[in-house]
Amino acid sequence: VPSDEVYHAVAFEPIIANKDVMHHMILFACGDDVTAGDPHLCGAEDLKCETWLTVWTVGLEGQICTHHNTGAKFGRGSMRHMSLQIHWNNPDLRGDYVDSSGMRIYYTPRLRKYDLGNVQFGQNYLAIPPLSRDYEQHGGCTPYCTKKRLPHPIYLTRTYLHMHHLATAGAMEQYRNGKLIRVIALDPEYQYVTPPIHVHDPAVEILPGDEVLVRCWYNTLDGDRRRYNTTLFGLGTDAEMCYAFVSYFPAVPRFDQCAQFQSLETGECARKTGRIGECDVASFLNLVSSTLSNEILANCHLSRVCHAQCYLPLQELFNHVCMKGPLAMYFTQNQLMSVPAWPRIVNIYNHARTKC
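The name given to the protein in an unreviewed UniProt entry is DBH-like monooxygenase protein 1 homolog, with the source organism recorded as Lingula anatina.

1. As for the sheet that holds strand β3 (residues 51-57)
Overall, antiparallel pairing links the three strands, which are arranged β3-β2-β6 in an open sheet. One side of each edge strand has no neighbouring strand; the edge strands of this open sheet are β3 and β6 (81-88). Strand-to-strand twist in this sheet, taken as the mean axis angle between neighbours without regard to direction, amounts to 15 degrees. As paired strands, strand β2 (residues 22-30) and β3 are joined by six bridges and run antiparallel to one another. Bridge pairing in β3 links Leu 27 to Thr 54.

2. Remarks on the packing of helix α2 (residues 281-299) against helix α5 (residues 342-355)
Packing of α2 against α5 brings their axes to within 10 Å, and their N-to-C directions diverge by 65 degrees. Classified by the angle between their axes, α2 and α5 sit roughly perpendicular to one another. Where α2 crosses over α5, the two elements pack in a sense that is left-handed. Residues Ser 293, Ile 296 and Leu 297 of α2 touch α5, and the partners they reach there are Arg 344, Ile 345 and Ile 348. Split into classes, the residues belonging to the contact of α2 with α5 amount to four nonpolar, one polar and one charged.

3. Side note on the state of the cysteines
Summed over all chains, the structure comprises seven disulfides. The disulfide partner of Cys 145 is Cys 269, and the S-S distance across this bridge is 1.7 Å. Residues Cys 145 and Cys 269 are joined through a disulfide that is right-handed, its torsion about the S-S bond being 85 degrees. Within this pair, whereas Cys 145 is found in helix α1 (residues 143-149), its partner Cys 269 is found in the loop between β20 (264-265) and β21 (275-276), the two being separated by 124 residues in sequence. Cys 269 shares its class with Cys 145; the two are buried. In this model, Cys 306 is linked to Cys 356 through a disulfide, with the two sulfur atoms separated by 2.1 Å. Measuring handedness by torsion sign, the sulfur bridge of Cys 306 and Cys 356 sits at about -100 degrees and is left-handed. Remark: Cys 356 occurs in the segment after α5 and Cys 306 occurs in the loop between α2 and α3 (308-319); sequence separation between them is 50 residues. What makes Cys 306 partly exposed here is its relative accessible area of 41%. Of the cysteine sulfurs around Cys 42, a residue in no disulfide, the closest is that of Cys 49, at 10 Å.

Reading guide: rules and limits
Throughout this document, residue positions are counted from 1 along each chain, in the order its sequence is written. Totals for whole chains, interfaces and linings use all residues, but because this is a predicted model, local features are given only for residues with pLDDT of at least 70 and pairs of side-chain atoms are given and counted only at 80 or more. Processing note: side-chain calculations cover all non-hydrogen atoms of the structure and skip hydrogens and water entirely. For two strands to pair, DSSP has to find at least two bridges joining them. To qualify as a helix, a DSSP run of H or I must reach at least 4 residues; to qualify as a strand, a run of E must reach at least 2; elements of each kind are numbered from the N terminus. Think of each axis as a best-fit line through the C-alpha atoms, taken over the contacting stretch in the case of a helix, with angles from 0 to 180 degrees between the N-to-C directions. In these notes the angle categories are as follows: under 35 degrees is roughly parallel, over 145 is roughly antiparallel, 65 to 115 is roughly perpendicular, and the rest is oblique. Each crossing gets its hand from how the near helix is turned against the far one by less than a right angle, where anticlockwise is left-handed and clockwise is right-handed. Note on definitions: a residue-residue contact is assigned when non-hydrogen atoms from the two residues lie within 4.5 Å. Gly falls in the polar group here, along with every residue not listed as nonpolar (Ala, Val, Leu, Ile, Met, Phe, Trp, Tyr, Cys, Pro) or charged (Asp, Glu, Lys, Arg). Note that a disulfide, as used here, is simply two cysteine sulfur atoms within 2.5 Å. Partly exposed residues are those whose accessible area sits between 20% and 50% of the maximum for their type, while under 20% is buried and over 50% is exposed, using a 1.4 Å probe and protein chains only.

Structure representation (structure tokens):
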């Protein structure tokens, strides 16, 4: 993006070419070490693009404008690359679909008072039982995490609750010292195809130590929502989500997602010590960092992941008590991201799980 001077992006306009396949788009800011390239499947390189600038999903119409006092900073001395992540949905497996959707960005050199921040609150693990009504799942930003991550109060200006077809209602709540302060956003009759946007005027103040909790209710019993199997968390419309996408000011570096995996904190709030059941977190991370990473990188290539010399350290990783059941998803999405070699290992790991 232009870097001759400092700019504020003040509005984003989704351009939707094929509504039959578009599920959602996320526009990210990237670090300077990103390699610009052609369209590609999401992979390790995209981990360098963590800060999200705006989100479009099915049902949102028109321009997405920032608060009148805020803008997303880019240009000289700031972010110089953006990445547009597009998720398509093709349940009929048709081979004749094409798409040219994108995002138009409106920007100005007349900087506003505050840099825009965006954060995603919610739950990264869902297991919704079949034939249930008003089944609740929840997660968010714990008091521990807001105290750790927020150096000062922040002010929420816009909230969008995001779930899929099974959702019937959603809410985002603020707690202080264990007591409910306010319901920030409430969708009592949620519809996936017509999600409302909640604009907060005045802005909602969040203090370090507050809790922001997202609640989602689901129906797998009635009508076209009826399901006979457990529905899990996932990106496709046949899976479910429980998130709130929130804009705020002033921006806090790397405060882009504050969510839970079951009751566990994630991201930069994930605890690197202690135990999760039989899993010793610090011991496992040390094993991966000091031993398994070196063995996997020395002996593995995508074309030979099932070769005995490669598969032995991978098998030790697969069979570790910290990688059993839902914990495998938790560690691969959170704790292992702190291992320096993990971006180079993750494709080998995923390939081996499906091929060997």
